[in-house]
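# Understanding the architecture of this molecule
Here's the letter readout for the chains.
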Amino acid sequence: MKNMLFVFNPNSGKAQLKNSLMKIIQIFSNADYEVTVYPTKAALDGYEKIKASKGLYDIIVCSGGDGTLNEVVSAVITYGDEKVPIGYIPSGSTNDFAKSLGIPSDKIRAAYNVVSGESFSCDIGIINDRRYFNYVAAFGAFTEVSWNTPQKTKNALGHNAYILEGIRQVGNLKPYQVRFSFDDEEIAGECIYAMVYNSFSVGGMKNISGQNVELDDGKLNLMIVYRPDNAVDFSVMLADLVTKNPNSKFIANYEISDLIVESDSDIDWVLDGEYGGSHKKVHIQAMPQAMKIAVPAETIPQEK
């Protein structure tokens, strides 16, 4: 019999996991796992529990939103060369990363995927040599929405909560004077948003960049959205974003593996939907195939 640690956030999404919890545990037990169940009590509680459990479990399974999965991956990374497989049952409001991995949104199907899926080694990112992100590190327009929107609002309205909070912030768009350095390039300018990501979906928007994204190629993707000068330019910028215009003068996309982002003043960053600190300089690196996670065997992640 194998040992499983099942960590879940009881407040994630609309807190509907409780309706499926016993069935999920039964699925794990029937697959010959001895299951230890651990409901988290506060932010980073799951991280500390998993970090202290090195060597005790054959698989770590979690249920929650993108932030919960971030805690699990960050804790497992501390195990070093011992890459314990991860299972994920998404129960957040948006679940961007689960969609990219092809993990079912239905919790029972996701549980079956944990015990019967195929292991997929996925790239992740690290910022300033200490904080990890599974799929996105971003700053600028609307990034505060994910961590400023109250959990009760997210539970009540789901993904619409982010949309409503974003609409409230439209009038507060702030330009940032930023310099991006990677490979042999250095790019400077005023932007209203930038993100480094490894996902097909960000903020509920599928195929957001319009370019090919591979989750296991050792590369991350950089998107920069430059400041529009007026209302007309702003409309054009939004249209370019929606249509993924490859010739847009407002939106630029790059592949990176090592990136430095510098600004004259502190900028708030968001990592996988959670506050990632305020920095004048960040160093972001790709960690090739650093996370081993169960995905449906018939849908090894590839952009469609």
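Helix and strand counts for the chain come out as nine helices and 15 strands. Classification of the 304 residues of the chain by burial places 53% in the buried group. If you take every contact in the chain between residues at least 6 apart in sequence, the share linking residues at least 24 apart comes to 74%. Surface summary for the chain: the accessible area is close to 14,100 Å², and the carbon and sulfur share equals 48%.

Counting across every chain of the model gives six aromatic pairs. Plain terms: the ring middles of Phe97 and Tyr135 are 5.6 Å apart, the flat faces sit at 15° to each other, and that makes the pair stacked. With Phe97 in helix α4 (residues 96-101) and Tyr135 in the loop between β6 (131-133) and β7 (136-140), this pair connects stretches of sequence that are 38 residues apart. On the numbers, 5.5 Å between centres and 80° between planes, the contact of Phe139 with Tyr176 is edge-to-face. Placement of the pair is Phe139 in strand β7 and Tyr176 in strand β8 (residues 176-182), with a sequence separation of 37 residues. As far as burial versus exposure is concerned, Phe139 and Tyr176 are alike and both buried.

A separate point is the packing of helix α1 (residues 21-30) against helix α5 (residues 107-116). Across the interface, α1 lies against α5 with an axial gap of 9 Å and an inter-helix angle of 20°. It follows from the interaxial angle that α1 and α5 lie roughly parallel. The crossing of α1 and α5 is right-handed. Contact residues: Lys23, Ile24, Ile27 and Phe28 in α1; Lys107, Ile108, Ala111, Tyr112, Val114 and Val115 in α5. Across the contact of α1 with α5, the residue classes break down as eight nonpolar, no polar and two charged.

Here we come to the nonpolar core. Of all hydrophobic cores here, the largest spans 65 residues; its most connected members are Phe6, Phe28 and Ile50. Leave out the neighbours within four places in its chain, and Phe6 touches Leu17, Leu21, Ile24, Phe28, Val35, Thr36, Val37, Tyr38, Val61, Cys62, Ser63 and Ile89. Listed in part, the 27 residues of the second largest apolar core include Phe139, Leu222, Ile224 and Leu259.

Per the counting criterion, the structure on display carries two cavities of 30 Å³ or more. Quantified by volume, the largest cavity comes out at close to 40 Å³. What lines the largest cavity is Phe139, Val261, Glu262, Ser263, Ile267, Trp269, His279, Lys280, Lys281 and Val282. Those elements giving two or more residues to the lining of the largest cavity turn out to be β14 (258-271) and β15 (274-295).

The next thing to look at is the environment of Phe120. Here Phe120 lies in strand β5 (residues 118-127). Sequence separation between Phe120 and Leu101 is 19 residues; the distance between their C-alpha atoms is 8.9 Å.

Within the structure shown, the criterion is met by five salt bridges. Between Arg227 and Glu190 there is a salt bridge, and its shortest N-O distance comes to 2.7 Å. Pair noted here: Arg227 is in the loop between β12 (220-226) and α9 (231-243) and Glu190 is in strand β9 (residues 185-197), with a separation of 37 residues, a long-range link. Judged by relative accessible area, Glu190 falls into the partly exposed class, the value being 32%.

Here we come to the pairing of strand β4 (residues 86-90). In terms of residue burial, β4 counts as a mostly covered element, since five of its five residues are buried. Alternating positions in β4 separate into two faces, Ile86, Tyr88 and Pro90 on one and Gly87 and Ile89 on the other, with burial throughout. The sheet contact formed by strand β3 (residues 59-64) and β4 spans five bridges and is parallel. Its bridge partner being in β4, Gly64 is matched across the sheet by Pro90.

About the cut-offs
For every chain, the first residue of the written sequence is number 1, and numbering continues from 1 along that sequence. Only residues with pLDDT of at least 70 are given local features in this predicted model, and only at 80 or more are side-chain atom pairs given and counted; all residues enter the totals for whole chains, interfaces and linings. The basis for every side-chain value is the complete set of heavy atoms in the structure, and neither hydrogens nor water enter the calculation. Every helix listed is a DSSP run of H or I at least four residues long, and every strand listed is a run of E at least two residues long, numbered separately from the N terminus. Only protein chains enter the calculation, and the probe is 1.4 Å; a residue is then buried if its accessible area is under 20% of its type maximum, exposed if over 50%, and partly exposed in between. By definition, residues are in contact when any of their heavy atoms lie within 4.5 Å. Reported accessibility uses the Shrake-Rupley method at a 1.4 Å probe radius. Residues are deemed covered only where the shown protein chains occlude them. Here the aromatic set is Phe, Tyr and Trp, taking the six-membered ring for Trp, and pairing holds for ring centres within 6.5 Å; pairs whose planes are under 30 degrees apart are stacked, those over 60 apart are edge-to-face, and all others are tilted. Comment: axis = line fitted to C-alpha atoms, over the contacting stretch for helices; angle = value between 0 and 180 degrees taken between N-to-C directions. Throughout this description, any angle smaller than 35 degrees is read as roughly parallel, any larger than 145 degrees as roughly antiparallel, any in the 65 to 115 degree range as roughly perpendicular, and the remainder as oblique. In this scheme the handedness of a crossing depends on how the near helix is turned from the far one: anticlockwise by less than a right angle means left-handed, clockwise means right-handed. Residue classes follow a fixed rule: Ala, Val, Leu, Ile, Met, Phe, Trp, Tyr, Cys and Pro count as nonpolar, while Asp, Glu, Lys and Arg count as charged, and any other residue, Gly among them, counts as polar. Remark: nonpolar core denotes a set of buried residues (Ala, Val, Leu, Ile, Met, Phe, Trp, Tyr, Cys) joined through side-chain atoms within 4.5 Å. Detection works on a 1 Å grid of protein atoms alone, calling trapped sets that fit a 1.4 Å probe cavities and calling open sets with protein on both sides within 12 Å along at least five of seven lines pockets, with lining residues defined by an atom within 4 Å of a point. Grid points are joined across faces, edges and corners, and a volume is the space filled by probe spheres set on the points. What counts as a salt bridge is simple: a side-chain nitrogen of Lys or Arg found within 4 Å of a carboxyl oxygen of Asp or Glu. We call two strands paired when DSSP finds no fewer than two bridges between them.

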